[in-house]
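Spelled out from the first residue to the last, the chains are:
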Amino acid sequence: MDEAGKKMLLEEYAANKRPETREQLILEYAPLVKAVAGRLSMYLGYNVDYEDLVSYGIFGLIDAIDKFDCLKEVKFETYASLRIRGAILDQIRKMDWIPRTIRQRQKKIDAVIKEVEQTTGRSATDEDIAAGLGITSEEYLDWQSQMKITGLISLNEYMDQGSDVSQDYSRHMTARFDGPEESVEKEELTKVLGEALELLTEKEKKVVTLYYYEDLTLKEISNILEVSESRVSQLHTRALQKMKTKMGDYMGLL
């Protein structure tokens, strides 16, 4: 079904709330749920099954269909993506899949990276971090595989504070019309992002580019780079750790 047909279907459901129409909308937008779940699986790695993420996301899609206001100047995909992601993260939070030890390890890693960079004036290597933690390089690689899930913590906490998705997507739309201040911020972001990317190896840059700019999933990136999915997750985690110090407040945009 084309975009015009989907829009008519949404308007029809808003007017009559027929279960048959909602079922059709769910089928039409099921690929969106899979796309959102695929992107989140980059952070979760093998901590949770991809199909489970899709199942949780379907509830977010249904919620979006029921609550979407067709009179708003916003694409349904934008609104639904936020609801789908929110439903997945909400379920993860409820199941408490982030052990305290993992949270503590992430704090230790961040502290070591900061100390190394302040002391040496360069980006911390894996060897530097492992030495600072007092563990072997192999043990640090194991830690990294567990750290992927911590990338979701800030999103969970943001949701816990009662963020309003309707406000989020309204801001998203208005942000498309850049004023002088927004233009300056975009220039600054471009500069900071460029500097942060220079800290990465070629493979790390490739992963960041394919994931954030090309919207590819973990599996798609692994096929392109001809490495395992776990290796892609490892490269992604390492890249974010390197970029965190340089990007500061802008890091949330990733």
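Residues numbered from 1 in each chain as written. Predicted model: local features only at pLDDT ≥ 70, side-chain atom pairs only at ≥ 80, totals over all residues. Heavy atoms only, no water.

Undergrad: When you look at the side chain of Thr21 in this model, what are you seeing that I'm missing?
TA: One can find Thr21 in helix H2 (residues 19-44). In contact with Thr21, other than residues within four places in its own chain, are Leu9, Glu12, Tyr13 and Asn16. (Helix = DSSP H or I, 4+ residues; strand = E, 2+ residues; numbered from the N terminus. Contact = heavy atoms within 4.5 Å.)

Undergrad: Sorry if this is basic, but what is going on with the packing of aromatic side chains here?
TA: The description of an aromatic ring pair rests on the distance of the ring centres and on the angle between the ring planes. Per the counting criterion, the structure on display carries three aromatic pairs. In textbook terms, an aromatic cluster arises when at least three aromatic residues are bridged by ring pairs, as seen for Tyr29, Phe68, Phe76 and Tyr79. Against the face of Tyr29 rests Lys6, its NZ or CZ located 5.0 Å from the ring centre. (Phe/Tyr/Trp six-rings, centres within 6.5 Å; stacked < 30°, edge-to-face > 60°. Lys NZ or Arg CZ within 6 Å of the ring centre and 35° of its normal.)

Undergrad: Explain the packing of helix H11 (residues 202-213) against helix H12 (residues 218-225) here, please?
TA: For any two helices packed against each other, one specifies the inter-axial angle together with the distance between the axes. The geometry of H11 relative to H12 is characterised by a closest axis approach of 10 Å and an angle of 140 degrees between their N-to-C directions. With respect to H12, the axis of H11 lies oblique. Crossing hand, H11 versus H12: right-handed. Residues Lys206, Val207, Leu210 and Tyr211 of H11 pack against Ile221, Ile224 and Leu225 of H12. The residue inventory of the contact of H11 with H12, partitioned by class, reads six nonpolar, no polar and one charged. (Axes fitted to C-alpha atoms, helices over the stretch in contact; angles between N-to-C directions. Parallel < 35°, antiparallel > 145°, perpendicular 65-115°, else oblique. Left-handed = near helix turned anticlockwise from the far one by under 90°. Nonpolar A, V, L, I, M, F, W, Y, C, P; charged D, E, K, R; others polar.)

Undergrad: When you look at the environment of Gln106 in this model, what are you seeing that I'm missing?
TA: Take Gln106: it is sitting in helix H5 (residues 100-120). Taking the relative accessible area as the measure of exposure, Gln106 reaches 11% and is therefore buried. C-alpha of Gln106 to C-alpha of Gln144: the two residues are 38 residues apart in sequence and 8.9 Å apart in space. (Buried < 20%, exposed > 50% of the residue type's maximum accessible area, 1.4 Å probe, protein only.)

Undergrad: I keep staring at unusual backbone geometry and nothing clicks. Help me out?
TA: Even without being a glycine, Lys17 presents a positive backbone phi close to 55 degrees. With respect to the secondary-structure elements, Lys17 resides in the loop between helix H1 (3-16) and H2. Residue Lys17 is classed as partly exposed on the basis of its relative accessible area of 42%. Look at Glu226: it is not a glycine, yet its phi comes out positive at around 60 degrees. Its location among the elements puts Glu226 in the loop between H12 and helix H13 (229-247).

Undergrad: Could you clarify how one ought to interpret H12 in this entry?
TA: Side chains that are three or four residues apart share a direction in an α-helix, a result of its 3.6 residues per turn. Listed in full, the buried residues belonging to H12 are Leu218, Ile221, Ser222 and Leu225. The buried side chains of H12 occupy one side of the element, clustering within an arc of 100 degrees when seen end-on. Turned more than 90 degrees away from the buried face of H12, the exposed residues are Lys219 and Asn223. (Arc of directions from axis to C-beta.)

Undergrad: What is the right way to look at the pattern of salt bridges in this model?
TA: A side chain with one charge may pair with a side chain of the opposite charge, provided their charged atoms come close. The tally for this structure, following the rule as stated, stands at eight salt bridges. Residue Glu20 pairs with Arg18 through a salt bridge whose shortest N-O separation is 3.8 Å. In this structure Arg18 comes out as partly exposed when scored by relative accessible area, which is 41%. For the salt bridge of Asp63 with Arg83, the shortest nitrogen-to-oxygen distance reads 3.2 Å. Of the two residues, Asp63 is situated in helix H3 (residues 50-67) and Arg83 in helix H4 (residues 76-95); the sequence distance between them amounts to 20 residues. Relative accessible area serves as the criterion here: at 23%, Asp63 is assigned to the partly exposed category. Salt bridges sharing partners connect three or more residues here, namely Glu12, Arg18 and Glu20. (Salt bridge = Lys/Arg side-chain N within 4 Å of Asp/Glu carboxyl O.)

Note that all results are geometric; they support no functional claim without further evidence.
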